[in-house]
Structures are given as structure tokens and as C-alpha cells.
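Given next are the chains, with one letter for each unit.
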Amino acid sequence: MQRIVNQYTEISGYIRKKLLQKELLSTQQVSEKYCISRQTIYRNLKAGILLPVVKHRSYYFDADEARAFFLKYRGVG
């Protein structure tokens, strides 16, 4: 039980840090920024390619990881 509490604390700290530094993008922000459909984002989520942070039943993505992924996805990087 203590291990679960510790993991929750670490994850909460990570999310808080990212949100405060504005380094997390919502699904809508990712969709608009990279001009892709939400369906494409969800397809990549299901395939395990994009790793989200889930908060209040919403997906948030690390801005740097999303940028790197979509540059590679488009063949730029």
C-alpha cells in the first residue's frame, strides 16, 4: 500500500510540475498545433506511441515529447 501511495505522490508531483511550467498540452492543443485529427492522436495512444498524462479523464502530453514525435512523424527530424 505504501508503494502505491509513493507512486501516486511522484506522479502528482510530475503533473503539477509540468502544469506549472506549462509544458503539458491537451489533446485539442496538440491537434491544433500539429494540424492532425484527434482520431490520429487517439490511434497513436492506443498503439502506445504517444504517452499521455491522464488528469480528470483528459489526456495531456509533454510538449517536448509531442514535438519530437510529430517532427519524426512528418519525416522532418
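Structure: above.
Just so it is clear, the model here is predicted, and its values are computed rather than measured.

1. A look at the pairing of strand β3 (residues 58-62)
Stage number 1. Both strand β1 (residues 24-26) and β3 contribute to a ladder of 3 bridges, which runs antiparallel. Residue pairing for β3: L25 is matched across the bridge by F61.
Stage number 2. Direction of pairing for strand β2 (residues 53-55) relative to β3: antiparallel, over a ladder of 3 bridges. Residue K55 lies in a different strand from β3, and its bridge partner there is S58.
Stage number 3. Hairpin geometry of β2 and β3 is characterised by an intervening segment of 2 residues between the two adjacent antiparallel strands and by a positive phi of about 55° at H56.

2. Regarding the nonpolar core
Stage number 1. Within the largest apolar cluster, 12 residues are counted, these being L25, V30, Y34, I36, I41, L45, L50, F61, A63, A66, F69 and F70.
Stage number 2. Taken together, the elements giving at least two residues each to this core come down to α2 (27-34), α3 (38-47) and α4 (63-73).
Stage number 3. No other element matches the 4 residues that α4 contributes to this core.
Stage number 4. With near-sequence residues (within four places) excluded, F69 lies in contact with N44, I49 and L50.

3. A short note on the environment of T27
Stage number 1. Relative to the helices and strands, T27 resides in helix α2.
Stage number 2. On the basis of relative accessible area, T27 is assigned to the buried category, the value being 5%.
Stage number 3. Residues within four places of T27 in sequence aside, it is in contact with R38, I41, Y42, Y59 and F61.

4. What about unusual backbone geometry?
Stage number 1. The phi dihedral of C35 is positive, around 55°, even though this residue is not glycine.
Stage number 2. Under the relative-accessibility criterion, C35 is labelled exposed at 66%.
Stage number 3. With phi around 60°, R57 is a residue other than glycine that occupies positive phi space.
Stage number 4. Within the secondary structure, R57 is located in the loop between β2 and β3.
Stage number 5. Residue classification places R57 among the exposed positions, given a relative accessible area of 84%.

About the criteria used
Residues numbered from 1 in each chain as written. Predicted model: local features only at pLDDT ≥ 70, side-chain atom pairs only at ≥ 80, totals over all residues. Heavy atoms only, no water. Pairing = 2+ DSSP bridges. Helix = DSSP H or I, 4+ residues; strand = E, 2+ residues; numbered from the N terminus. Core = buried A, V, L, I, M, F, W, Y, C linked by side-chain atoms within 4.5 Å. Buried < 20%, exposed > 50% of the residue type's maximum accessible area, 1.4 Å probe, protein only. Contact = heavy atoms within 4.5 Å.

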